[in-house]
Amino acid sequence: MTSLTIKTILVREVATMGQAAHTEAWSVADAKARLSELLETAASNGPQTISRRGRPVAVVVSVEEWERRKRRQGTLAEFLATAPVGDEDLVVERVKGGRVREVDL
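Values in this document were obtained by computation on a predicted structure and should not be read as measured data.

Right, let's talk about the overall build of the protein chain for a bit. If you tally the helices and strands in the protein chain, you get 5 helices and 4 strands. Order of helices (α) and strands (β) in the protein chain, N terminus to C terminus: β-α-β-α-α-β-β-α-α. Expressed as a percentage of its 105 residues, the buried residues of the protein chain come to 19%. Across the protein chain, contacts joining residues at least 24 apart in sequence account for 55% of those joining residues at least 6 apart. Working note: accessible area of the protein chain is about 9,000 Å², and carbon and sulfur atoms make up 51% of it.

Before going further, it helps to spend a moment on the pattern of salt bridges. A complete count under the given rule lists 4 salt bridges for this structure. Across the salt bridge formed by Glu-67 and Lys-70, the nearest N and O atoms sit 3.8 Å from each other. Note that Glu-67 and Lys-70 are positioned in helix α4 (residues 63-70) at a spacing of 3 residues, about one turn of the helix. Residue classification places Glu-67 among the partly exposed residues on the basis of a relative accessible area of 37%. One connected set of salt bridges, linked through shared partners, spans Glu-65, Arg-68 and Arg-69.

This part takes up the confidence of the model for the protein chain. The pLDDT averaged across the protein chain works out to 76; a share of 72% of its residues lies at or above 70. Low confidence marks residues 1-22, where pLDDT is under 50. Its contacts with residues over four positions away, or in another chain, come to 41 contacts.

Here Thr-41 is to be found in helix α3 (residues 35-45). Once residues lying within four places of it in the same chain are set aside, the contact partners of Thr-41 are Glu-24, Trp-26, Gly-46 and Gln-48.

Looking now at the nonpolar core. Of all hydrophobic cores here, the largest spans 8 residues; its members are Trp-26, Ala-31, Leu-38, Leu-39, Ala-42, Ile-50, Ala-58 and Val-60. For this core, the elements supplying multiple residues, two or more each, are α3 and β4 (55-62). Considering every element that reaches this core, the biggest residue donor is α3, with 3 residues. Sequence-distant contacts of Trp-26, that is, excluding residues within four places in its chain, are made with Ala-31, Arg-34, Glu-37, Leu-38, Thr-41, Gln-48, Thr-49, Ile-50 and Ser-51.

Let us now look at unusual backbone geometry. Positioned with a positive phi, Arg-53 is a non-glycine residue whose angle comes to about 55°. Counting through the fold element by element, Arg-53 comes out in the loop between β3 (48-52) and β4. Judged by its relative accessible area of 79%, Arg-53 falls in the exposed class.

Okay, α3 next. Residues of α3 that are buried: Leu-38, Leu-39, Thr-41 and Ala-42. Each buried residue of α3 lies within a common arc of 160° when the element is viewed along its axis, so the set occupies one face. More than 90 degrees from the buried face of α3, the exposed residues found are Ser-36 and Ser-44.

Thresholds applied
Residues numbered from 1 in each chain as written. Predicted model: local features only at pLDDT ≥ 70, side-chain atom pairs only at ≥ 80, totals over all residues. Heavy atoms only, no water. Helix = DSSP H or I, 4+ residues; strand = E, 2+ residues; numbered from the N terminus. Buried < 20%, exposed > 50% of the residue type's maximum accessible area, 1.4 Å probe, protein only. Contact = heavy atoms within 4.5 Å. Areas by Shrake-Rupley, 256 points an atom, 1.4 Å probe, with all protein chains shown as cover. Salt bridge = Lys/Arg side-chain N within 4 Å of Asp/Glu carboxyl O. pLDDT = per-residue confidence, 0-100. Core = buried A, V, L, I, M, F, W, Y, C linked by side-chain atoms within 4.5 Å. Arc of directions from axis to C-beta.

This is the structure in C-alpha cells:
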C-alpha cells in the first residue's frame, strides 16, 4: 500500500491543477465510515473530494501527488519572463526623481 496523507485543500485549488479526471465525491459521513477505502481510492484513482451538506470542503490526495504538486518549479523571475503579456512587450521602468515618502522610524 502506498503511504498516504490527508491534506485539506480548497477545491478551487485542485481545479486549477487540472486534475478532474478521476475525482469522486464523498460525503463527510461516508469518508469517516470508509476511510481505508477512501485512501485506497485516492492512491489508485487520484484526488477524492469530500463534501459537507453538498458543498466541496476538502480533497484527499496521495503523498506522491501532494509532493509532486507542491514542488516549486522555477523561480518567480523565470515565471514572469515566460508569462504571456499579450501582443505588446511589457516594459517596467523605475521612476527616477519621483516623489519620495518620508517615514519616521
